[in-house]
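Report on the structure
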Amino acid sequence: MAHQEQWTTIKVLAWTKDYLGTKGIENARLEAEWLLCAATGLDRVGLYLHFDKPLNDGELAAFRAMVARRARREPLQHILGTQEFCGLEFEVSPDVLIPRHDTETLVTEALIRRPEARSVLDIGTGSGCIAVALAHSLPQAAVTAIDIAPAALAVARRNAERNGATVEFLSGSLLEPVAGRSFDLIVSNPPYIPSTDIDRLEPEVRDFDPRGALDGGADGLDLYRILIPAAPAHLNPSGWLLVEVGIGQAPAVAELFKKTQEYDHPMTARDPGGIERVVGAQRKDVS
């Protein structure tokens with residue numbers, strides 16, 4: 001951003017839209033607005049009420065720094081520090097996967113399958129978005145969340161506090177921290193990107209999301225192969241296991257449920273983009 005006498009709101013937005021556009025950022029105008037809101041403390045309506053107002057030196061310096069970060073393809077959410085998910089606001093950082101709206105499908109399906117659940121387990125909680133959203137919607141349920149990364153658990157704990165949710169956080173791998181315990185509902189959004197695909201992802205994901213939250217092994221299904229057979233021992237009668245999956249993975253994951261022979265009522269659900277995003281089944285009743 002070259003030095004100029006009067007950087008008004010409207011001029012700054014026009015310049016930034018063009019600049020971010022040259023860096024391959026699709027919604028450059030909208031992102032410029034969000035960054036300028038953060039720099040000025042205004043909301044988007046406020047920006048347009050003050051479209052001819054020059055920015056002061058402090059606002060301009062803060063905005064320049066944020067635009068430079070975004071131009072390097074650092075995610076907008078890392079720069080702003082938060083992301084909305086299921087109507088709640090979550091802190092995000094490089095320690096956790098940025099909550100994605102596709103994942104709201106997992107929360108929705110969990111609420112449809114077990115609205116009366118009294119015990120819920122979220123495996124690989126990351127930012128805590130799934131666990132906190134479920135705790136918010138199921139006030140009668142005791143919600144437990146597991147992650148292997150201590151840094152992620154620290155973010156998740158702050159997010160539970162931020163949203164007034166009571167969640168038990170445990171450190172460890174998959175079901176190990178809940179040995180001997182069972183739940184009405186188990187949900188998970190495990191890493192599911194095939195290892196060789198990671199380098200082809202958008203820079204925002206490839207360079208800034210924690211690799212451990214992305215890498216699902218050679219075909220992306222490593223953790224499903226462990227979790228799906230192990231989960232029935234941790235499900236109460238009529239309990240459900242629901243997992244998020246990547247594009248095109250639903251049939252293979254559904255087959256893993258079938259092969260286990262301990263589940264009934266298999267289901268899949270599509271996200272708003274029409275992609276099969278959630279696969280699940282109910283624990284088979286043992287007669």
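Calculation notes
Residues numbered from 1 in each chain as written. Predicted model: local features only at pLDDT ≥ 70, side-chain atom pairs only at ≥ 80, totals over all residues. Heavy atoms only, no water. UniProt positions renumbered as here; feature names shortened; annotations may be inferred. Helix = DSSP H or I, 4+ residues; strand = E, 2+ residues; numbered from the N terminus. Buried < 20%, exposed > 50% of the residue type's maximum accessible area, 1.4 Å probe, protein only. Contact = heavy atoms within 4.5 Å. Polar contact = N/O pair within 3.5 Å; in protein donor to acceptor, adjacent residues only side chain to side chain. Patch = residues over 30% accessible without salt bridge, like charges linked within 9 Å, V, L, I, M, F, W, Y side chains within 5 Å. Areas by Shrake-Rupley, 256 points an atom, 1.4 Å probe, with all protein chains shown as cover. Salt bridge = Lys/Arg side-chain N within 4 Å of Asp/Glu carboxyl O. Core = buried A, V, L, I, M, F, W, Y, C linked by side-chain atoms within 4.5 Å. Pairing = 2+ DSSP bridges. Axes fitted to C-alpha atoms, helices over the stretch in contact; angles between N-to-C directions.

The protein carries the name Release factor glutamine methyltransferase in an unreviewed UniProt entry, which gives Oryzomonas sagensis as its organism. Quoted verbatim from the Sequence similarities (unreviewed entry) heading of the UniProt record, the comment on the protein is "Belongs to the protein N5-glutamine methyltransferase family. PrmC subfamily."

Annotation from UniProt places "binding site: S-adenosyl-L-methionine" (unreviewed entry) at G124, T125, G126, S127, G128, D147 and N189. In terms of the greatest pairwise C-alpha distance, the residues named above, spread along 66 residues, form a tight cluster of at most 11.4 Å across. Turning to its location among the elements, G124 is positioned in the loop between β3 (119-123) and α7 (129-137). Here G124 falls in the partly exposed class, since its relative accessible area comes to 35%. For G124, the contacting residues outside a window of four places in its chain are I146, D147 and N189. Relative to the elements of secondary structure, T125 occurs in the loop between β3 and α7. On the basis of relative accessible area, T125 is assigned to the buried category, the value being 5%. With near-sequence residues (within four places) excluded, T125 lies in contact with A131, A145, I146, D147, L153, A156 and F169. Of note is the side chain of T125, whose polar atom sits 2.7 Å from the side chain of D122.

Taken together, the side chains of I10, Y48 and F51 make up a nonpolar region of the molecular surface, amounting to roughly 250 Å² of accessible area. Structurally, the position occupied by I10 is in helix α1 (residues 9-22). Given the relative accessible area of 35%, I10 is considered partly exposed.

Moving on: the nonpolar core. Residues V120, I130, L134, V167, L185, V187 and L242 are the most contacted members of the largest nonpolar core, which totals 32 residues. Looking at this core, the element that brings in the most residues is α7, giving seven residues. Non-local contacts of V187, meaning those with residues more than four positions away in its chain, are made with L106, A110, L121, D122, I123, I130, L134 and L242. Residues I193, L227, L235 and A250 belong to the second largest nonpolar core, which totals 30 residues.

Let us now look at the sheet that holds β3. A sheet is described by the order of its strands in space; here seven strands give the open sequence β5-β4-β3-β6-β7-β9-β8, paired in mixed fashion. Sheet topology places β5 (167-171) and β8 (263-270) at the edges, where each strand pairs with a single neighbour. Sheet twist, expressed as the average angle between the axes of neighbouring strands with direction ignored, equals 15°. As paired strands, strand β6 (residues 183-188) and strand β7 (residues 235-244) are joined by five bridges and run parallel to one another. Residue pairing across strands places I186 opposite L241, the latter belonging to β7. Sheet strands in contact with helix α11 (residues 250-260) are β7, β8 and β9 (276-283), and its direction is about 10° off that of β9.

Now for the pairing of strand β1 (residues 82-85). Going residue by residue along β1, you find Q83 and F85 tucked away on one face and T82 and E84 left uncovered on the opposite face. Examined bridge by bridge, β1 and strand β2 (residues 88-91) share four bridges and lie antiparallel to one another. Opposite E84, over in β2, you have E89 as the bridge partner. Between β1 and β2, which follow one another and run antiparallel, lie two residues, and C86 among them has a positive phi close to 50°.

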